[in-house]
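Structure assessment
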Amino acid sequence: MHRTHNCGELRPEHVNQKVTLSGWVQRKRDKGGMIWIDLRDRYGITQLAFDESKTDAEVLKRIEKIGREYVIKATGTVIERYSKNNNIPTGEIEVFPDEIIILSQSETPPFTIEDESDGSDELRMKYRYLDIRRNPVREALMLRHKIAQETRKYLDTFDFVEVETPNLIKSTPEGARDFVVPSRMHPGSFYALPQSPQTFKQLLMLGGMDKYFQIVKCYRDEDLRADRQPEFTQIDCEMAFVEQDDIMKTFEGLMKHLFNQVKNIKIETPFKRMTWHDAMDKYGSDKPDIRFDMEIHELTSLVQNQGFKVFDMVEYVGGICAKKAASYTRKQLDELTKFVQKPQIGAKGLVYVKCNEDGSFKSSVDKFFDAEALKKWADAFNAEPGDLLLLLAGDKRKTQEQLCELRLEMGNQLDLRKPGTFAPLWIVDFPLLEWDEETQRFYAMHHPFTSAKTEDNGFFDTDPGKIRANAYDMVINGVELGGGSIRIHNREDQARMFKLLGFTTEEAESQFGFLMNAFRYGVPPHGGIAFGFDRVCALFGGSDSIRDYIAFPKNNAGRDVMIDAPAPIANTQLSELELKLNLKPKH
Ligand code: ASP
């Protein structure tokens, strides 16, 4: 038998019991006469103690050899500790082993297996199995497990059925590039890995499954960021005979359940709702962090035609009001200017107005605007003495997005984005379509299966850009946790949508013929949503990086540095697939 108990289990009530523990050696301390070993497994740490004068010579010899991360088995008696350690649950006892067996030796690990490790990210990824032995990583994976279990529990009580959908499919249009898999049996043909199970879940509704969910891997060949991985997991759901409100109610319920069960936090439902237009105008983002106000205000008409070229030449001037920040120093303001000028943000410059405590104003545009003009700006923000106005100018959308970044930065600097506070909301009434200047065509903002608001039907022929979609995103603390829509459920509307997106009838037929065909056989009205499961985990765990919640993540270049993938394949594999490489020379 390898163990009678785990390393986190023993308490004073076990004193005098003979036990066997197995685990990894966290530490060995030799204090002349006494030797201690901290034995670790997933459940905790138990201290083994050896009195050299009372320990068998054979056992002592083995202890001598033992180093960090050795796997050992120890059998002995549980003793009440003389000096107790209140920091660990097993701290009141220790085990005096009379037998030790080395189950596996270990080389010195490349980094310390401690909460604060000395290993770099890259090194820890290469040896991820060692990293997983560390508490923070193990806890992140346990959190993920708990969220998955609670999701299943909740959805099961609401009659959702977990159904698996295939991984080797045909391209799905979620707007990213596909990962493809060559077919050996059909040389020259390729499977695509699903960007999501979108069409399958719709077909399950046609199949009468009524309520579907799946915790499922999705694959998108995109450039990576902290909250993106080439393969990620969705909590993917679909329901038949529902309207938008039914879905929103069900899934804010899921979120409430998860917060309650996993974090012991009560959140209020129904969630606040905001239209996409309002979100863009007030926060410059379709995923606003509403833990704090600092809304964006447009000032264009108030500031133009008064002789300041920078404002006169642009489409839009807007700003934010940072409460009690008029005390910002020259240096701090210079740094903010540098912040908005970073290439990723791209503003030309920053205009500030300090609303001084004495009612006067100090601004970076004093040459162009007098106190009376500045007072009008301040009034537009309802600013009070002590506040700081920050203004940006340029194209409308771009400037709003820049103001969003500035707002979040000020939120950080003024400590307004409190960890542990959760501010959920739904963004609704997204535009159905997005115009792309480069390719001169519309793209589906969500995906081509999203239905339009009936009231906006008239715009299909006149101004498609104005059509609003029956689409919704759930946002918490500036993170888009999930999104979905009510689907098109008849052939004519689906064909009209494909046409609007520039598909010829033949293209639509070859890519989506199966769906269009299915639509001939009785389609229930349906809709759904998918949550980024990794993001939910990161939000609950209080981290910005989804990687921390994935057992074996890829690095920023999309590589798994542990198994060294992607990697070339053998020529025999290529020839079986009837493929030839045509690599561009490396520069
Ligand atoms: N398939 C969509 C996505 O991956 C979600 C949905 O519409 O349900 O974003």
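Given the structure is predicted, the values throughout are model-derived calculations rather than measurements.

Description of the site of the ligand
The environment of the ligand is made up of 14 residues, and the closest members are Gln 198, Lys 201, Gln 234, His 446 and Arg 487. Side-chain polar atom of Arg 487 to an oxygen atom of the ligand: 2.7 Å apart, as the coordinates give it. Ile 529 places a main-chain nitrogen or oxygen 3.5 Å from an oxygen atom of the ligand. Put simply, the parts of the chain that give the shell around the ligand at least two residues each are helix H5 (198-206), strand E21 (479-486) and strand E22 (526-532). Residue contributions to the shell around the ligand peak at three residues, all from E22. Here the residues of the shell around the ligand are counted per class, giving two nonpolar, eight polar and four charged.

Observations concerning the sheet that holds strand E14 (residues 351-355)
The sheet built from five strands is open, its strands ordered E12-E13-E16-E14-E15 with antiparallel pairing. The sheet is open, and its two edges are formed by strand E12 (297-298) and strand E15 (361-363), each paired on a single side. Examined bridge by bridge, strand E13 (residues 316-322) and strand E16 (residues 388-394) share seven bridges and lie antiparallel to one another. Of the residues in E16, the one forming a bridge with Tyr 316 is Gly 394. Strands E14 and E16 of the sheet are contacted by helix H10 (residues 330-341), whose axis makes an angle of about 30° with E16. Each of E13 and E16 is contacted by helix H12 (residues 396-413), which is oriented at about 10° to E13, the strand it contacts most.

As for helix H14 (residues 491-500)
Where H14 is concerned, the buried positions are Gln 494, Met 497 and Phe 498. With its buried residues spanning 100° around the axis, H14 presents them on a single face. The exposed set on the far side of H14, more than 90 degrees from its buried face, consists of Glu 492 and Lys 499. The opening residue of H14 is Asn 490, an N-cap whose side-chain oxygen sits 3.2 Å from the backbone nitrogen of Glu 492. The positive-phi residue at the C-terminal boundary of H14 is Gly 502, with phi of around 90°.

What to know about the packing of aromatic side chains
Summed over all chains, the structure comprises 20 aromatic pairs. Measuring from centroid to centroid gives 4.7 Å for Tyr 154 and Phe 158, while their planes differ by 40°, and the two rings are tilted. Judged by relative accessible area, which is 8%, Tyr 154 ranks as buried. A ring pair is formed by Trp 426 and Tyr 472, whose centres lie 6.0 Å apart and whose planes are at 90°; its orientation type is edge-to-face. One end of the pair, Trp 426, is in strand E17 (residues 424-428); the other, Tyr 472, is in strand E20 (residues 471-476), and 46 residues separate them in sequence. Assigned by exposure class, Trp 426 and Tyr 472 land together as buried. Pairwise contacts between aromatic rings join Phe 308, Phe 311, Phe 368, Phe 369 and Trp 377 into one cluster. Positioned above the aromatic ring of Tyr 443 is the side chain of Arg 441, whose terminal nitrogen or guanidinium carbon lies 3.7 Å from the ring centre. Over the ring of Phe 460 we find Arg 496, and its NZ or CZ is 3.5 Å from the ring centre.

Cut-offs used in this document
- Residues numbered from 1 in each chain as written.
- Predicted model: local features only at pLDDT ≥ 70, side-chain atom pairs only at ≥ 80, totals over all residues.
- Heavy atoms only, no water.
- Near = heavy atom within 4 Å.
- Polar contact = N/O pair within 3.5 Å; in protein donor to acceptor, adjacent residues only side chain to side chain.
- Helix = DSSP H or I, 4+ residues; strand = E, 2+ residues; numbered from the N terminus.
- Nonpolar A, V, L, I, M, F, W, Y, C, P; charged D, E, K, R; others polar.
- Pairing = 2+ DSSP bridges.
- Contact = heavy atoms within 4.5 Å.
- Axes fitted to C-alpha atoms, helices over the stretch in contact; angles between N-to-C directions.
- Buried < 20%, exposed > 50% of the residue type's maximum accessible area, 1.4 Å probe, protein only.
- Arc of directions from axis to C-beta.
- Phe/Tyr/Trp six-rings, centres within 6.5 Å; stacked < 30°, edge-to-face > 60°.
- Lys NZ or Arg CZ within 6 Å of the ring centre and 35° of its normal.

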